[in-house]
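# Analysis of the macromolecular model
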Amino acid sequence: MIDLKEYYLKNISDDEYHYRFRSYILASNKKYNDFFGEEEDEELEFLIIDIEEAIEKFKSLCQPEIQTFSKEQTCWFYLLTFFFHHNGYYIEEFPHVLRRPPNEPTEFTYTEIRNKAFALGLNVNGTIPYRVRRQIVAQLAFKTNGTTLDLGESIEEKFKKISTRNASFQEMALDEKLQEIANLIENMLKENGKFITLDYASFAFEYLSDETIKNYRKQMQCFRHSSEEAVAERRSYTDAQKNFFVDFGIVIVKTIHELKSRL
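Described below are features of the structure shown in this document. Here the structure is a predicted model, which is why all the values come from computation and not from measurement. (Residues numbered from 1 in each chain as written. Predicted model: local features only at pLDDT ≥ 70, side-chain atom pairs only at ≥ 80, totals over all residues. Heavy atoms only, no water.)

### Some details on the nonpolar core
Side chains of nonpolar character tend, in soluble globular proteins, to be buried together. Our working rule: For this analysis, a nonpolar core means a set of buried residues of the types Ala, Val, Leu, Ile, Met, Phe, Trp, Tyr and Cys, connected via side-chain atoms within 4.5 Å. Summary of the burial criterion: residues with accessible area below 20% of their type's maximum are buried, those above 50% are exposed, and those between are partly exposed, where the area comes from a 1.4 Å probe applied to protein chains only. The secondary structure listing takes helices from DSSP runs of H or I that are at least 4 residues long and strands from runs of E that are at least 2 residues long, numbered from the N terminus. Throughout, a contact is declared for two residues whenever any of their heavy atoms are within 4.5 Å.
Residues L4, F58, F83, F84 and F142 are the most contacted members of the largest nonpolar core, which totals 41 residues. Where this core is concerned, the elements lending two or more residues are α1 (4–11), α3 (51–61), α4 (71–86), β5 (89–91), α5 (106–119) and α6 (130–138). Considering every element that reaches this core, the biggest residue donor is α4, with nine residues. Those residues within four positions of F84 in sequence are excluded, and the remaining contacts are I51, A54, I55, F58, Y89, L98 and F142. I185, I213, Y237 and I250 belong to the second-largest nonpolar core, a separate cluster that totals 31 residues.

Have a look at this one:
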């Protein structure tokens, strides 16, 4: 289960576009009383199981029946757009909306979707029927430039075991993914205080070797430490490079997992 509010607060930084929604999200459990002013309300939950449920929830917020967003729905919109963007997703028909969502969700769910319908010539006598907007929403295509490799359930469980917050791999931000990949590789290869060597060529041909994995682990050390030098090194990598490191790291983890299962 992914707590989107926790995910947002843990991963947002003040130089990101989505930071502008932070105060609103923090106040999601506040209500205003005419007599007593601002009061604590029941804590709202923003939980999803996986990316598929997140997509369905986002599409439900875009339905034409929702003409005015409640405070809870607005928080869902902000949290979902951040979650998608932070994990490398974009909507093919509206590539900007997850990266730079509007302050008012209906600017997208009403205005932009209707404008798309007009541009496609789907208006009927100058109006856009609800059925047309529903069709556009149903066909929204979520694409990703991020990690596409499948971890497999057993490896996902290994990540949860070494995560200090029992987090699934999908919940993690890019830097955290690289930190936990480095931790997991060490965890899998270290036995009785020493690193073991596996027969990588028997499974990965000449594409992986003990030296390749040592070099990868060395390069990932900056994601495990918080010194000024480590932080500067992390910042020197682009998101595209970090996504490559993630994909390559998953290949290494899956190879180690396979070879150790044969022992």
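### Some details on the pattern of salt bridges
Selection criterion: What counts as a salt bridge is simple: a side-chain nitrogen of Lys or Arg found within 4 Å of a carboxyl oxygen of Asp or Glu.
If you walk through the whole model with that rule in mind, you get ten salt bridges. Between E186 and R217 there is a salt bridge, and its shortest N-O distance comes to 3.7 Å. Taken together, the positions of E186 in helix α8 (residues 174–189) and R217 in helix α10 (residues 210–220) put the pair 31 residues apart, joining distant regions of the chain. Assigned by exposure class, E186 and R217 land together as buried. Between R224 and E186 there is a salt bridge, with its nearest N and O atoms 2.9 Å apart. Of this pair, R224 sits in the loop between α10 and α11 (228–235) while E186 sits in helix α8; the two residues are 38 residues apart in sequence, bridging distant segments of the chain. The network of salt bridges with common partners includes E186, K190, R217 and R224.

### Let's talk about the packing of aromatic side chains
Any aromatic ring pair is given by two values, namely how distant the centres are and how the planes are angled relative to each other. Keep this limit in mind: The criterion for an aromatic pair is that two Phe, Tyr or Trp rings (for Trp, the six-membered ring) have centres within 6.5 Å, with stacked assigned to planes under 30 degrees apart, edge-to-face to planes over 60 apart and tilted to the rest. In our convention, an over-ring charge means Lys NZ or Arg CZ found within 6 Å of a ring centre and within 35 degrees of that ring's normal.
With the rule as written, the count across this model stands at 21 aromatic pairs. A ring pair is formed by F83 and F84, whose centres lie 6.2 Å apart and whose planes are at 55°; its orientation type is tilted. Accessibility expressed as a relative area gives 0% for F83, which makes it buried. By relative accessible area, F84 is classed as buried at 0%. Where F223 meets Y237, the ring centres are 6.2 Å apart and the plane angle is 20°; that geometry is what we call stacked. Placement of the pair is F223 in the loop between α10 and α11 and Y237 in the loop between α11 and α12 (239–261), with a sequence separation of 14 residues. We note that F223, like Y237, is buried. Lying over the aromatic face of F94, K116 brings its terminal NZ or CZ to 5.3 Å of the ring centre.

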